[in-house]
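Understanding the architecture of this molecule
Listed below are the residues making up each chain.
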4 protein chains.
Amino acid sequence: MAAPHPIVQYTSQASWAMVEDKFSPFAKETLAKLITFYEEEILPARRLSHAQIPDDPVKRWQTVIPVIEELKVKAKKQGLWNLFLSKAHYPEHGVPLTNLEYAVMAELLGRGGHMAPQVVNCSAPDTGNMEVLARYGTPEQQKKWLVPLLNGEIRSAFAMTERYVASSDATNIRTSIRREGDEIVINGHKWWISGAGDPRTKLHIVMGKSDPGNKNTHQQQSVVLVPSNTPGVNIIRPMKVMGYDDAPEGHCEIIYDNVRVPLSNLVLGWGRGFEIIQGRLGPGRIHHCMRSIGAASAALDAMLLRVTDPAKKTFGKHLYEHGSVVQDIAKSRADIEGARLLVLSAALQIDNYQAKGALKEIGIAKFVVPSMALEVVDRAMQAFGAEGLCQDQELASTWAGLRTLRIADGPDAVHLQQVGQRELKRVPELLKRKAELVKRENALFAKAGIKSHL
Amino acid sequence: MAAPHPIVQYTSQASWAMVEDKFSPFAKETLAKLITFYEEEILPARRLSHAQIPDDPVKRWQTVIPVIEELKVKAKKQGLWNLFLSKAHYPEHGVPLTNLEYAVMAELLGRGGHMAPQVVNCSAPDTGNMEVLARYGTPEQQKKWLVPLLNGEIRSAFAMTERYVASSDATNIRTSIRREGDEIVINGHKWWISGAGDPRTKLHIVMGKSDPGNKNTHQQQSVVLVPSNTPGVNIIRPMKVMGYDDAPEGHCEIIYDNVRVPLSNLVLGWGRGFEIIQGRLGPGRIHHCMRSIGAASAALDAMLLRVTDPAKKTFGKHLYEHGSVVQDIAKSRADIEGARLLVLSAALQIDNYQAKGALKEIGIAKFVVPSMALEVVDRAMQAFGAEGLCQDQELASTWAGLRTLRIADGPDAVHLQQVGQRELKRVPELLKRKAELVKRENALFAKAGIKSHL
Amino acid sequence: MAAPHPIVQYTSQASWAMVEDKFSPFAKETLAKLITFYEEEILPARRLSHAQIPDDPVKRWQTVIPVIEELKVKAKKQGLWNLFLSKAHYPEHGVPLTNLEYAVMAELLGRGGHMAPQVVNCSAPDTGNMEVLARYGTPEQQKKWLVPLLNGEIRSAFAMTERYVASSDATNIRTSIRREGDEIVINGHKWWISGAGDPRTKLHIVMGKSDPGNKNTHQQQSVVLVPSNTPGVNIIRPMKVMGYDDAPEGHCEIIYDNVRVPLSNLVLGWGRGFEIIQGRLGPGRIHHCMRSIGAASAALDAMLLRVTDPAKKTFGKHLYEHGSVVQDIAKSRADIEGARLLVLSAALQIDNYQAKGALKEIGIAKFVVPSMALEVVDRAMQAFGAEGLCQDQELASTWAGLRTLRIADGPDAVHLQQVGQRELKRVPELLKRKAELVKRENALFAKAGIKSHL
Amino acid sequence: MAAPHPIVQYTSQASWAMVEDKFSPFAKETLAKLITFYEEEILPARRLSHAQIPDDPVKRWQTVIPVIEELKVKAKKQGLWNLFLSKAHYPEHGVPLTNLEYAVMAELLGRGGHMAPQVVNCSAPDTGNMEVLARYGTPEQQKKWLVPLLNGEIRSAFAMTERYVASSDATNIRTSIRREGDEIVINGHKWWISGAGDPRTKLHIVMGKSDPGNKNTHQQQSVVLVPSNTPGVNIIRPMKVMGYDDAPEGHCEIIYDNVRVPLSNLVLGWGRGFEIIQGRLGPGRIHHCMRSIGAASAALDAMLLRVTDPAKKTFGKHLYEHGSVVQDIAKSRADIEGARLLVLSAALQIDNYQAKGALKEIGIAKFVVPSMALEVVDRAMQAFGAEGLCQDQELASTWAGLRTLRIADGPDAVHLQQVGQRELKRVPELLKRKAELVKRENALFAKAGIKSHL
């Protein structure tokens, strides 16, 4: 038997065996390169990348973290770049990797915190934004925005969520987008706009209502490209997540106050905003899930080190010899393994049937994985004691980031509902099968001369 | 794209896509045949097979259920027979199916209750017993016992668990097996001996202590073949599981009172009993798990029909429109999908590395699946109301059967412990990786001229 | 400090201290007598009472269990009789005990299985039926049925649940109750009629529709007294619960086929059936809950004995030294203590505000306690291994009985919904408070000269 | 019936009825005053108190929050002061309130965030420190430190937890405390020292090892009073909790570097440190628990407002009409009610039997309440969406604070273990009862002439 691929030390042998035969030689090789790069370059730079963000409440938002920029150059040189963009779906700009292949890489990146995806130009919200531009952008829009994004020269934001409004239902959106002559005028109050704080962010992709009276509630919305330095783009403040401001990117409150852009900044066409956001969400959700699994997996590794640390013995025993620690570890391992296979199968489903044909699988991944990862990380925090909650470990900030995933891109309840409803659609088929069965059962009872109570 | 394999309506499209390329053409064809046979023959006979067991407390233990015997003939004729016995591991008697391939079939069989595996001669404890005889039996033992078992002419019991003793630790076993001249004499008090009540059961494979003073506690045990009609084999009573006696097979209390068999009935050799039971358990656990998943999956289908039944509307709404029913359905679906992939990956691991190389994966399956299935079935029972608990639905007896799986072949706690301990063995490797990382981190901090708090 | 009341060894010192000062001297004394009687008479007879039920599928339904009848005589003589019937609510027939006082006794009775409440004439469904007759019966009805019930001479059934119908919504009931001259004619198909199998059961209290066209859907129902030997009362079969038939009482399927009774058998008046069942349910639910807590508490005690049993050591350790056993015990203890206090506070609420004023508290008890008790018993079953599931321990039948309580008298979901909706009714009051708060907050901010982001 | 006490709108009518008769008239009156003060003064100032903390990373640690100081004056004037210090245990300095009475007040204070307890001089760690000084301090120590603490003029820290060491096992502590002539010299590295950042904190109560070689590991420790401005007291940095620094109090890392204090600063005596910390923990844990319940209760109220907010409708429905929201609310209500009664019964147990006699009840409260409160707050966060995680709502910071309580004063696992072990101590008594029972059972079987399988 050939030597096992190095990925088995991060994923598991059993998971890898399920997908190995679906990997192209190119994908295997890229994965191996990524592992080396992750171990030798990305992970060692993680703590430094935090340390390079100043504490000062103003300066931290003006920072371009040096070590990340250095690593981006190296990564690009090695071809570890834009791995998320599948050539199958984006023939022009994409890389020859399937969603399944990238999913395995995304788990690895998820072990490296917030910075790892950035280093290989695979971080949200840029990924989704590049997909939008690649799929729906005009050549001119692509030249101006997509190319520098693909090159990692700029970053971008996606402005959809609104303050004072339940904008997870897109029909509630209030931001106004209207034409005035050759211009588009935008007025609205957004918040939770990730990345908008970053000095490298040059583009806001803004969703709003261009035709609020349209009877078809899914044709009221449009999407417009807004350069971040356009007059009227007012960044109010960063929203914090459990106390973290996530500088320099941040999740910002923004008021668009009579912002004016040329007509050519409209994406795809008037009233096609809903269509655009629909197309944007599928694979991105899977990436989030795989990164979450990576984060959980790294937390479990950290927990293993902690509970066997001789310096942390209490009452003469290692931590792992107390209470249910070993059982908690076993559960975390099982949870991670099960969740990973679920997400990989969803990624494969996307490869086979596009995101549209994988909505059930994506929905399942979306409500299963963040809760699972939160619990794994929480167990690790508990094993670390107070240290697990503080700035010296990655666990607490990881937890905070994961917690947002139970809300972002649709709260758990929406995905549970959607998956449950899809199950209910199986009922007609089940009824048919049941009728057939009862007919056969009755025939058998009749033949046997036995009466049934049913 | 070719028409999807019919299995996708029982498993899911996404699960199937993960394993389809690992199926041989023969396995795919056998699976398709099995589906047809399951739909047209097995499932329709399920309720009749229950009805053919008399209520009378004596006669129910003397019954050979007619419809099952009829179906066995049909199944054998179609080659749907002994599917569990992988040729790769049992070249002489096995069928050309991998554990992974059979696992998918086992899920289907698990939908058909207790009877389905019997119909295709794949039911416990015969499966494990055939494995023992095929692997360790002498030609003479095989001729006398294995051949009729493989033919489905007789059934068998495996007598290990003992009353008054914590026999899950095999070193606690008290049954005495000793040589007297050309004979072996057996004395012991067993219970929970599944299948011992069945009139077709002709063989007990009995585990006991032949050398209780041996310092190596794993060489004290021997295994002996005992014809069920040997004088001194006293079946005391059936043990019930949650009120079910599972007649005619049953789970019996047995006293072996000076039972004498010829020396040639010893299996493998004196003191090799522990080795035999170790080898017996791996794939069987996976079969149980896959059947449990099938049972859970069938329960979810039943729940779907119930909550959409217009006759069960309350307060003007279908059941599914109340409370958290849709969410419960979604959770059950997700739980089933995740668990299935876990067990399939364990089966693949067995195919790749034998049971010994798959202990972690088997352990995970063993503690995850029964609890998962119990919860899915419990949700379905709740949806059915009181009817869900009674004899008119399969749910309650399914629940009872699944509940035993949290205990049989090792209680949950043992598997959790085992898996957790295996994780702890990764610590030296993690420490090495961590040391490497810290070295690199420190170098980066030094180069950047920043001091760290860690 | 005086010696503690003997109840503290069954409930806890901390629980008892919360209610002791609410107990009358009579109640304390009665409780002490009940404890002695429970220890010396009831509990020792429990296993015998099971053994006195024949296995024969016919005879078991004709049995009056001798030991129970003997104990009833003794209990009555000691005044341990009808303890459930609070004089405060039933001045004529009641005993001078509050619901809170009886609740503590009910927990003790719940430790003694199904038989204990019978011995002191406090077992369902007789209790609720006596309440109905005491509250709504005519003097003649009371003389004929209530008196012998209060004397423990006969038993009774309450026939509400219907087959083929979602009868938890009483407006779905189909049984027809109509007047024909001086007679009432009843036609209907019921099931799950507890106690109807008992040879001592002489009375069915039947709910049906007398005015199905009434626009007020809560005035369509009437309740009629039906002697069990009336022609047309056809008991079809016992329904089983998880494999248990609960003979001789049973939970029966019954067809009322043109059953005729005199007009004087109508209870309370035409169209008042809904009112009757509403009044019937409050305290009874609390009794069930307290008994469930007693059952859970007894299961925990059994678990404690098992996990410290030296005969059950495995791998050189007591069971309690393995895995999470000690933690499971701690959780069970905490769950029991919390649940008990919840139910006691609900009982007190009934004493203070009648059942109507305690609907939230009753609802909470109803959805919290059965699930809690099931989990405690399940943990105990797991500690016992296979033995915990069988007829040699009370755990499995206890579990089965408890499982029905998540459905009987309204499934969990109904109570969750009801309690949640009651919480929502607090919103107007909360809004008022919030408005007041914001006003004050704004004044403070204004005074301090600070602007807020809210 | 008299008008209900105003507390029923914060606690519940049912909880209150359980304890009302245990309240003195003084306690009822004080509680009523506290409610008015909470509504009119404390709660309205909460947001302002946050706004008065500067963002500047240096200045925020030098701040004395003006509004809190103003409110302290008002509270003291009204006698709402030092309510935690029970006269029964502290005759000289205490207020005439029992632990039970204060517990109800602590819940109310817990609704008002971090600041509320401070306003009435009941905030940790001062409370425990005042108890230490009141119980163990010399008159001189009391005059110098206890009096200004009781007056709210200064604050204090308790320095026990150590970096690099598992100090939850006090025998692991490394800080050295040794005598040098008339002085005590302290060297050690602590962290998580709450309150140490506060400019008002003038006293550190430091625990260390004075006799590390003592065979009795519980006599190695001593406790010393250290003025915060003593040379060598080096505050290194604030530890963050889930991103929060909790300025100005903070949880600090401190190096005690050759700190010298006079001999008279020793508390109680050499080697009595363990005794001191033992006495310090009981009631304080209950206070934490009751405040946590208040926090959970306030979160549920906030959730109720959110899910009924018409501005947050999605897809045409209020939030509460979606999914399991109503059920989640019901569960949160039940969880809060059950937990409150548990903690109140623990408080009563302390009143009756001192903390030593209430260890089981305190332990239960300690592992039940924080997890319960975390879940209730988490459900509320989820209902609020992203807003629930940010600085505009109290939920996220509440969650972070509660999370520490699963670790502080002993992690969950320690309390679970302790409670479970106490349960195991009941086994001898249970065995005795069981033996008695079996004797009686056997007699009954013998008399009935029936043989048993057991």
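What counts as what
- Residues numbered from 1 in each chain as written.
- Chains lettered and ligands numbered in written order.
- Predicted model: local features only at pLDDT ≥ 70, side-chain atom pairs only at ≥ 80, totals over all residues.
- Helix = DSSP H or I, 4+ residues; strand = E, 2+ residues; numbered from the N terminus.
- Rg over C-alpha atoms; globule rule 2.2 N^0.38 Å.
- Buried ≥ 20, exposed ≤ 12 C-beta atoms within 10 Å, placed from the backbone.
- Core = buried A, V, L, I, M, F, W, Y, C linked by C-beta atoms within 7 Å.
- Contact = placed C-beta atoms within 7 Å.
- Least-squares fit on C-alpha atoms with pLDDT ≥ 70 in both.
- UniProt positions renumbered as here; feature names shortened; annotations may be inferred.
- Nonpolar A, V, L, I, M, F, W, Y, C, P; charged D, E, K, R; others polar.
- pLDDT = per-residue confidence, 0-100.
- Domains from an automatic or database assignment.
- Expected span 1.5 Å × (residues − 1).
- Arc of directions from axis to C-beta.
- Axes fitted to C-alpha atoms, helices over the stretch in contact; angles between N-to-C directions.
- Parallel < 35°, antiparallel > 145°, perpendicular 65-115°, else oblique.
- Left-handed = near helix turned anticlockwise from the far one by under 90°.
- Pairing = 2+ DSSP bridges.

Scanning chain A for helices and strands turns up 13 helices and seven strands. Over its C-alpha trace chain A gives a radius of gyration of 24 Å, about what one expects of a compact globule, namely 22 Å for 454 residues. Structurally, chain A occupies a C-alpha span of about 85 × 65 × 45 Å along its principal axes. Here chain A, with 454 residues, has 57% of them falling under the buried criterion.

Counting 558 residues, the largest nonpolar core has V343(A), V343(B), V343(C) and V343(D) as its most contacted members. If we ignore the near neighbours within four places in the chain, the residues touching V343(C) are A103(C), I286(C), C289(C), M290(C), I293(C), A365(C) and V369(C).

This part takes up the relation of the copies chain D and chain B. Taken as rigid bodies, chain D and chain B are interconverted by a rotation of 180° and an axial shift of 0.0 Å, the fit giving an RMSD of 0.0 Å. Given the turn and translation reported, the copies of this chain are related as if by a two-fold rotation axis. For chain D, the minimum C-alpha distance to the rotation axis belongs to S324(D) and amounts to 2.5 Å. The residues that chain D uses at the interface reappear at the interface of chain B in 100% of cases, marking a shared surface.

When the UniProt feature table is mapped onto this chain, "domain: Acyl-CoA dehydrogenase/oxidase N-terminal" (unreviewed entry) is found at residues 65-153 of chain A. In residues 65-153 of chain A, helix accounts for 58% and strand for 0%; the two terminal C-alpha atoms are 14 Å from one another.

Turning to the interface of chain A and chain B, a few remarks are in order. Of the residues lining the interface, 58 residues belong to chain A; the matching set on chain B comes to 58 residues. Here the side of chain A that touches chain B gets 16 residues from one element, more than from any other, and that element is helix α9 (residues 325-353) of chain A. Within the side of chain A that touches chain B, the residues separate by chemical class into 34 nonpolar, twelve polar and twelve charged.

The subject of this paragraph is the confidence of the model for chain A. Chain-level pLDDT for chain A is 95 on average; 100% of the residues reach the 70-or-more range. Overall fold confidence for the complex sits at a pTM of 0.97, while the interface term, ipTM, reaches 0.96.

What follows covers the interface of chain D and chain B. Often the size quoted for an interface is simply the accessible area lost on bringing the parts together. Tallying the contact residues gives five residues for chain D and five residues for chain B. Classifying every residue of the side of chain D that touches chain B gives no nonpolar, four polar and one charged.

Our next topic: the domain arrangement of chain A. All names here are of chain A. Here chain A is described as being made up of domain 1 (6-150), domain 2 (155-267) and domain 3 (275-427). Computed over C-alpha atoms only, the centres of domain 2 and domain 3 are separated by 30 Å. Looking at the side of domain 2 that touches domain 3 residue by residue, the classes come out as eight nonpolar, one polar and no charged.

Turning next to helix α3 (residues 66-77) of chain A. The α-helix winds at 3.6 residues per turn, so residues separated by three or four positions along the chain end up facing the same way. Residue and element names in this part refer to chain A. Between its first and last C-alpha, α3 extends 17 Å over twelve residues, near the 16 Å set by a 1.5 Å rise per residue. Within α3, burial applies to V67, L71 and A75. In a view along the axis of α3, the buried residues occupy a sector of 70°, so they form one face of it. Turned more than 90 degrees from where α3 packs its buried face, V73 and K77 sit exposed. Buried residues along α3 sit in contact with α2 (25-51) and α5 (115-119). Phi turns positive one or two residues past the end of α3, at G79, with a value near 80°.

A cis amide bond links A124(A) to the next residue, P125(A), at an omega of 0°. On the secondary structure map, P125(A) appears in the loop between α5 and α6 (126-136). Positive phi values are uncommon outside glycine, yet L268(A) reaches one of about 65°. Along the polypeptide, L268(A) turns up in the loop between β7 (251-262) and α8 (273-307). Even without glycine at this site, N258(C) takes up a positive phi of about 55°. As for its position among the elements, N258(C) is in strand β7 (residues 251-262).

The next subject is helix α9 (residues 325-353) of chain D. Residues and elements named next belong to chain D. Taking 1.5 Å per residue as the helical rise, α9 with its 29 residues ought to reach 42 Å, and the 42 Å between its terminal C-alpha atoms agrees with that figure. Among the 29 residues of α9, 27 are classified as buried, and the element is accordingly described as predominantly covered. Note on α9: the residue one or two positions beyond its end, Q354, has a positive phi of about 65°.

UniProt records the feature "domain: Acyl-CoA oxidase/dehydrogenase middle" (unreviewed entry) at residues 157-259 of chain A, using the numbering of this structure. When the span residues 157-259 of chain A is considered, its composition is 0% helix and 50% strand, and the gap between its end C-alpha atoms is 16 Å.

Take the packing of helix α6 (residues 126-136) of chain D against helix α8 (residues 273-307) of chain D next. Residue and element names in this part refer to chain D. In the contact formed by α6 and α8, the axes pass within 9 Å of each other and the chain directions differ by 135°. Judged on the interaxial angle alone, α8 and α6 are oblique. Crossing of α6 against α8: the hand is right-handed. Residue-level inspection shows T127, G128, E131, V132, R135 and Y136 of α6 in contact with α8, the latter providing I276, G279, R280, G284 and H287.

A few words now on the environment of E69(B). Residue and element names in this part refer to chain B. Relative to the helices and strands, E69 is located in helix α3 (residues 66-77). A tally of 13 C-beta atoms within 10 Å means that E69 is categorised as partly exposed. Sequence separation between E69 and V119 is 50 residues; the distance between their C-alpha atoms is 7.5 Å.

Residue and element names in this part refer to chain B. At a minimum axis separation of 8 Å, helix α4 (residues 99-111) and helix α9 (residues 325-353) run at an interaxial angle of 150°. Between α4 and α9 lies a crossing of right-handed hand. Here N99, L100, A103 and E107 of α4 come into contact with α9, specifically with R340, V343, L344, A347, L348, I350 and D351. Taken together, the residues that form the contact of α4 with α9 break down as seven nonpolar, one polar and three charged.

Residues in a regular strand project their side chains so that they alternate between the two faces of the sheet. Residues and elements named next belong to chain A. In this sheet, strand β3 (residues 183-194) lies alongside strand β2 (residues 176-180) in antiparallel orientation, the contact comprising five bridges. Paired with E180 across the two strands is E183, which belongs to β3. Between β2 and β3, which follow one another and run antiparallel, lie two residues, and G181 among them has a positive phi close to 65°.

Residues and elements named next belong to chain A. Taken across its seven residues, strand β5 (residues 221-227) has six buried, putting it largely inside the fold. In the sheet, strand β4 (residues 201-209) pairs with β5 via seven bridges, with the strands oriented antiparallel. Residue pairing in the sheet places M207 in a bridge with V223 of β5.

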